[in-house]
Every structure is written in C-alpha cells, then in structure tokens.
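Chains, contacts and geometry: an overview
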Amino acid sequence: MTITPDILVAAVCASAAVLGVGLAVAGAVGTSAPAVSRPEGALKRRLRVAAAGVRGRGRVMLGAAGVAGMAVWLLSSWLLGGLLTAAAVLGLPWILQPGRGSKDQIKRLEALEQWVRRLSDIHTAGTSLEAAVAASLRSTPPGLVPEISRLTSRLGAGWQPKEAYRAFAAEMDDATADAVAALMIGHVEDRGAGLSRALGKLADQVAEEVRMRAKVEAEREKPRANARWVSLICLGVFTLSVISGSYVEPYSSPFGHLFLLGLAASFAGVLIWMRRIALPKPAPRFLAPPTQEVEAP
C-alpha cells in the first residue's frame, strides 16, 4: 500500500475527529466535580468519576485510541475499521474490569465502617454528634474524605442536622449508608444516651455487610472472567481480520459498512448483557432525599 499525502491528511482528520468526540464528552461531563444544587445521586457520581478519569488515564486512552484507529486506517485503508478500533481501545478498561463499580462501592463501605467506629470513639468523650463529626474529619479514611468534608461544611454552615445527614446518605447512595444516616437522624430527634454504643454496633453490622458483599464479589468473579475472555477473543479475531486485508474487503461496500455496524452493535449489546448478569443488584434505599438546597462547600 502506497501512503500518499491525501491519505496522511485523511488520517490526521480522522484522528482529530476521534479526539474531538472524546473532548466533546469531556466538555459535557466536565473535568472537575462541579458545584451542584442537589446532592449527588448515582448518575452524577458516575459522571464525576468519569470526568476525573478523562483528566488522567482517560486522556491516555483517548490518545491510544486515536493512534490505534489511525494505524488501522493507514494499514488497511478501511475508515470504519479504524473507527471501530478506536472505540474498542476506549472500551478496554470497561471490558477488562467489569466489576470495578461493585469493588469501589465495597471500598467505600469499608471506609464508612472505619469512620463510624472512629465516630463512636470520639463521641464517647461526651461531645455532641455534630462536634464529633467535625472532629472525625482529621482521621477519616481517604475514600470517604469528600463526603465527610461536605457533611462537616453543611453542619458548620447552619444546615438542619437532619437535612445534612440526609444529603450525606444521598451522596453515598447505598442502603447501608442510609442506616448510618437514619441512626444520626434518630439521635437528632431524641438526644438520648447510648449513641456511642449504637454507633459501635452499627459499625459491626457494616463490617459484616462488607464481608458478605466481598464474598458475593468473589463468587461473581468467575462469570466476569468468562466475559472478559470472550471479549478479548472476539477483539483478537477482529484484529486478525483487519490485518488479513482481503478478509475485510467485502465490508468496504455501503452494505458491508451497515452489516459491520450491526455486528458491532450486537457485540456491544452482548457485552452489556453479560456485564449486567455479573453485577449484583443494589439493595433499595429507604431514606428520603433532603429537602434543603445543597450548596457547593
């Protein structure tokens, strides 16, 4: 294959288009956690995590996807193959780590258990719950620092404690965190004794919940590994097909483009289906969201 200036210009334009799509996604999501007017739900938190990935590893993946797509296009003169290759490279982290979201949630619950236990120790000294929350910020596990920082800021800004604890539970977006917030709300309504002991028992329950979820994650690792290998084998077959040249020639026609897009969509649909099978369904939350406006800390 002879590489002409026209092909080089077209390759550069295609790379710019691929990077432009990535930058458009980054622009829509943002590159930092924005100020929100409501507590973060599951969708907003995922978008914030995705935006953080764009700043770091995500940018590397965008560059690798652009290079891989341009290389396939130059070697095969197959534009659609280059675009699909770029999409496959961008999706590799999602393919190779199908259970990352569940594992991250378990780590957050581990941090929650440690924080509740430390909060119980601090409250033993006779301080109020709000003062204990503020004092616990210095020893909060790293995975929970943003949420506890916002909780402390809201309490210090004059929020009603019940609303601040509801906002904290909404940000955690987990039924176990709802139980922690419900205990705090109950203490606000009835400032009785025994909160420290109740926090300690609740920390034990959270620790047991973490152990159960970790056990379930270990059992689900086998179907996730199967899904990962099936995906990698399919991507390997696609790579060999692109290298062969003559094998992918029928896909160069308009009908071939449509057929290949259908295959790619079917492949992505199967991956999503397998991923949903391998992911556990979260327990439903029971705590109502806060009614007070959430301001940026």
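Residues numbered from 1 in each chain as written. Predicted model: local features only at pLDDT ≥ 70, side-chain atom pairs only at ≥ 80, totals over all residues. Heavy atoms only, no water.

**Here's the deal with the overall build of the chain**
- Broken down by element type, the chain carries 11 helices and 0 strands.
- Reading the helices (α) and strands (β) of the chain from amino to carboxyl end gives α-α-α-α-α-α-α-α-α-α-α.
- Every one of the 297 residues in the chain was classed for burial, and the buried ones make up 38%.
- Sequence separation of 24 or more characterises 72% of the internal contacts of the chain that already satisfy a separation of 6 or more.
- For the chain, the exposed surface amounts to about 16400 Å²; the carbon and sulfur share of it is 65%. (Helix = DSSP H or I, 4+ residues; strand = E, 2+ residues; numbered from the N terminus. Buried < 20%, exposed > 50% of the residue type's maximum accessible area, 1.4 Å probe, protein only. Contact = heavy atoms within 4.5 Å. Areas by Shrake-Rupley, 256 points an atom, 1.4 Å probe, with all protein chains shown as cover.)

**Some remarks on the confidence of the model for the chain**
- Of all residues in the chain, 72% attain a pLDDT of 70 or more, and the chain-wide mean is 75.
- By mean pLDDT, the top-scoring element of the chain is helix α7 (residues 145-156) (93), and the lowest-scoring one is helix α2 (residues 42-55) (47).
- Throughout residues 24-43 the model reports pLDDT below 50, and contacts reaching past four residues in sequence, or to other chains, amount to 34 contacts.
- Taken as a whole, residues 46-56 scores under 50 in pLDDT and shows 13 contacts with residues more than four places along the chain or in a different chain. (pLDDT = per-residue confidence, 0-100.)

**Structural notes on the nonpolar core**
- Counting residues in each nonpolar core, the largest one holds 34 residues, and the members touching the most others are L112, W115, L119, V133, L151, Y165 and V180.
- Mapped by element, the contributors of at least two residues to this core are α5 (100-123), α6 (129-136), α7, α8 (161-172), α9 (175-189) and α10 (195-244).
- Apart from the residues lying within four places of it in its own chain, the contact partners of L112 are L144, F168, M172, A177 and V180.
- In this structure, W78, L80, Y251 and L260 belong to the second largest nonpolar core, which totals 5 residues. (Core = buried A, V, L, I, M, F, W, Y, C linked by side-chain atoms within 4.5 Å.)

**Brief notes about the packing of aromatic side chains**
- Following the criterion strictly, the structure yields 2 aromatic pairs and no others.
- Between F255 and F259 the ring centres are 6.5 Å apart and the planes differ by 20 degrees, which places this aromatic pair in the stacked class. A residue pair is termed a helical-turn pair when its members lie 3 or 4 positions apart in one helix, as F255 and F259 do in helix α11 (residues 254-278) at 4 residues.
- Seen from the ring of W159, R154 lies directly overhead, with NZ or CZ sitting 5.6 Å from the centre. (Phe/Tyr/Trp six-rings, centres within 6.5 Å; stacked < 30°, edge-to-face > 60°. Lys NZ or Arg CZ within 6 Å of the ring centre and 35° of its normal.)

**Describing the environment of S266**
- Locating S266 in the fold gives a position in helix α11.
- Judged by relative accessible area, which is 45%, S266 ranks as partly exposed.
- Within the local environment of S266, its side chain forms a polar contact with the backbone oxygen of G262, the two atoms lying 2.9 Å apart. (Polar contact = N/O pair within 3.5 Å; in protein donor to acceptor, adjacent residues only side chain to side chain.)

**Points about the pattern of salt bridges**
- Considering all chains together, one arrives at 10 salt bridges under this definition.
- Linking R117 and D204 is a salt bridge whose minimum nitrogen-to-oxygen distance equals 3.0 Å. Of this pair, R117 sits in helix α5 while D204 sits in helix α10, and the two are 87 residues apart along the sequence.
- Taking the relative accessible area as the measure of exposure, D204 reaches 43% and is therefore partly exposed.
- Between R213 and D174 there is a salt bridge, with its nearest N and O atoms 2.9 Å apart. Here the residue R213 occupies a position in helix α10, and D174 occupies one in the loop between α8 and α9, the gap between them amounting to 39 residues. Here R213 matches D174 in class, with each residue buried.
- Via salt bridges that share partners, E113, R117 and D204 belong to a single interconnected network. (Salt bridge = Lys/Arg side-chain N within 4 Å of Asp/Glu carboxyl O.)

**Some words on the environment of A264**
- Here A264 shows up in helix α11.
- Separated by 180 residues in the primary sequence, A264 and L84 place their C-alpha atoms 8.0 Å from one another.

**Remarks on unusual backbone geometry**
- Its identity is not glycine, yet D173 carries a phi of approximately 55 degrees, on the positive side.
- With respect to the helices, strands and loops of the structure, D173 is situated in the loop between α8 and α9.
- A relative accessible area of 24% places D173 in the partly exposed class.

**Regarding the side chain of R108**
- Here R108 shows up in helix α5.
- With a relative accessible area of 13%, R108 lands in the buried category.

**So, the packing of α6 against α7**
- Running from N to C, α6 and α7 point in directions that differ by 140 degrees, and their axes come no closer than 9 Å. Judged by the angle between their axes, α6 and α7 are oblique. Here the hand of the crossing between α6 and α7 comes out left-handed. Contacts between α6 and α7 involve E130, V133, A134 and S136 from the first element and I148, L151, T152 and L155 from the second.
- Looking at the contact of α6 with α7 residue by residue, the classes come out as 5 nonpolar, 2 polar and 1 charged. (Axes fitted to C-alpha atoms, helices over the stretch in contact; angles between N-to-C directions. Parallel < 35°, antiparallel > 145°, perpendicular 65-115°, else oblique. Left-handed = near helix turned anticlockwise from the far one by under 90°. Nonpolar A, V, L, I, M, F, W, Y, C, P; charged D, E, K, R; others polar.)

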